[in-house]
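# Geometric and topological summary
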Amino acid sequence: MPFAHIRGTGSAVPERVLDNAELEKIVDTTDEWITRRTGIKQRRIAMGDNNESTAALGTRAARGAMEMAGIAADQIDTIIMATITADRIFPSAACMVQKELEAFNAAAYDISAGCSGFLYALESGNNSIKSGMSRTCLIIGAERLSAIVNWEDRGTCVLLGDGAGAVILRRQDEPGGLLSTHIKSDGRLWDLLYSDKGNAPAPESLAGLVGIPFHLKMEGNRLFKQAVPCMASIAEKALEQNGLSREDIQLVIPHQANLRILQAVSEKLKIPMEKFFTNLQHYGNTSAASIPLAMDEAHRQGRIKSGDCVLLVSFGAGLTWGAAVLKWTL
Ligand code: COA
């Protein structure tokens, strides 16, 4: 049975930083409240004249991963893009990325699984490699959540941001790489976090954000209560299936929704917070982009060494949640 190894990581974020102080001028909130309740200090917002569409951010992240992996565009067999903010309802953002990369030997498609989208995409890429359908998969998580946020609702707009991350998954015979993926959903709770309209165009400036036809709706408090047990139990299942103890895990790369959620998951799993990689203070919650964006930063900062066991764990709209265990071989 072949193994799917991560051979390269990449990420991209918009240039425009929106920090908590500036957000205080948009909605009735404070830096103190946002920091204490979420850990977030700033987020990135895509601007219309910076070529920062979801597909453009995804393409930039993909190029970083391809460069690290030494993979040319024509070697890619499958492009899977996790996103809930594709630039158009159709065609898929993955096809737009394919065009930009000129990866014309690939099949390209999107996956919608909210903040768990990247882990769903990783599972599809893993299955494609293990079944012999693909040798090289490009897996991307990219979002422009600023397009679907109600910039007059302080309960949600302070949490979210834009960005992208990508990995190259490659078939190798040596054991390692992706050891397992677990994904779960509970559609009964879809109405805790959902969209009711299409995306707004990117504005020319921050002033253009207020008044966009918003449509992201969220029951934050109830989501918080669902997120913690779901993330902890699927992470435990992943460890158990691989015969790993919590001490065997060198780094946890979780979905970056809220520092308090991560602290509660850390307590439940009895894996100390020092082993949790967090960058939500810089980017907020970037949904499907958050895990690959964090993974790229963790790798480039030297937080993961070859041979390390890495646990990925997510939770998001759907509801969806998931976990993956990696033996890092980069
Ligand atoms: N600034 C100031 N006050 C705010 C605020 C803001 N940005 N957002 C909400 N508040 C107020 C509320 O109006 C409420 O006031 P009240 O007590 O007078 O009614 C108070 O703060 C508490 O609100 P509540 O929603 O209970 O706060 P919370 O502790 O649950 O924190 C979240 C809110 C959204 C940060 C938290 O619930 C959360 O992170 N949930 C998970 C969200 C998530 O991760 N979603 C994505 C899933 S992947």
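Before reading on, note that the structure itself is shown above.
Residues numbered from 1 in each chain as written. Predicted model: local features only at pLDDT ≥ 70, side-chain atom pairs only at ≥ 80, totals over all residues. Heavy atoms only, no water.

With that out of the way, let us pick up the overall build of the protein. Each helix and strand in the protein was counted, giving ten helices and 13 strands. Here the C-alpha radius of gyration of the protein, 18 Å, is about what a compact globule of 330 residues would show, namely 20 Å. Expressed as lengths along the three principal axes of its C-alpha atoms, the size of the protein is roughly 55 × 45 × 40 Å. For the protein, with 330 residues in total, the buried portion stands at 57%. A sequence separation of at least 24 residues applies to 78% of the contacts in the protein between residues at least 6 apart. Accessible surface for the protein amounts to roughly 13,200 Å². Of this, 49% is attributable to carbon and sulfur atoms. (Helix = DSSP H or I, 4+ residues; strand = E, 2+ residues; numbered from the N terminus. Rg over C-alpha atoms; globule rule 2.2 N^0.38 Å. Buried < 20%, exposed > 50% of the residue type's maximum accessible area, 1.4 Å probe, protein only. Contact = heavy atoms within 4.5 Å. Areas by Shrake-Rupley, 256 points an atom, 1.4 Å probe, with all protein chains shown as cover.)

Spatial ordering of the open sheet is given by β8-β13-β12-β11, a layout of four strands whose pairing is mixed. What marks the edges here is a single partner per strand, and that holds for β8 (177-185) and β11 (251-254). Taken pair by pair, the neighbouring strands of this sheet meet at an average axis angle of 15°, ignoring direction. Direction of pairing for strand β12 (residues 309-316) relative to strand β13 (residues 320-327): antiparallel, over a ladder of eight bridges. Bridge pairing in β13 places F315 opposite W321. Seen against the sheet, helix α7 (residues 220-241) touches β8, β11, β12 and β13 and runs at an angle of roughly 150° to β12. (Pairing = 2+ DSSP bridges. Axes fitted to C-alpha atoms, helices over the stretch in contact; angles between N-to-C directions.)

Counting residues in each nonpolar core, the largest one holds 52 residues, and the members touching the most others are W151, M231, L311 and F315. Ranked by the residues each element gives to this core, the list is headed by α7, at ten residues. Each residue touching M231, except ones within four places of it in the same chain, is listed here: P254, H255, I261, L262, V265, V313, S314 and F315. (Core = buried A, V, L, I, M, F, W, Y, C linked by side-chain atoms within 4.5 Å.)

This part covers the environment of M1. Residue position: M1 is located in the segment before β1 (3-12). The exposure class assigned to M1 is exposed, which follows from its relative accessible area of 75%. When the C-alpha atoms of M1 and I129 are compared, they prove to be 9.7 Å apart, with 128 residues separating the residues in sequence.

So, on to the pattern of salt bridges. As enumerated under the stated definition, the model contains eight salt bridges in all. Between D186 and R188 there is a salt bridge, with its nearest N and O atoms 2.9 Å apart. Classification of D186 by relative accessible area gives buried; the value is 16%. Among the residues examined, R188 registers a relative accessible area of 72% and is labelled exposed. A salt bridge links R222 to E219; the shortest N-O distance between them is 3.3 Å. (Salt bridge = Lys/Arg side-chain N within 4 Å of Asp/Glu carboxyl O.)

A separate point is unusual backbone geometry. Phi is mostly negative for residues that are not glycine, and the peptide bonds are mostly trans. For the bond from F90 to P91, the omega torsion is 0°, close enough to zero to count as cis. Look at E102: it is not a glycine, yet its phi comes out positive at around 60°. Summarising the element assignment, E102 is placed in the loop between α4 (93-101) and β5 (107-111). Taking the relative accessible area as the measure of exposure, E102 reaches 54% and is therefore exposed.

It is worth spelling out the side chain of T38 at this point. Along the chain, T38 falls in helix α2 (residues 31-38). A polar contact of 2.6 Å, which involves the side chain of T38, links it to the backbone oxygen of I34. A distance of 3.0 Å separates a polar side-chain atom of T38 from the backbone nitrogen of I40. In this view, T38 contacts L159, N258, L259 and L280; residues no more than four positions away in its chain are not counted. (Polar contact = N/O pair within 3.5 Å; in protein donor to acceptor, adjacent residues only side chain to side chain.)

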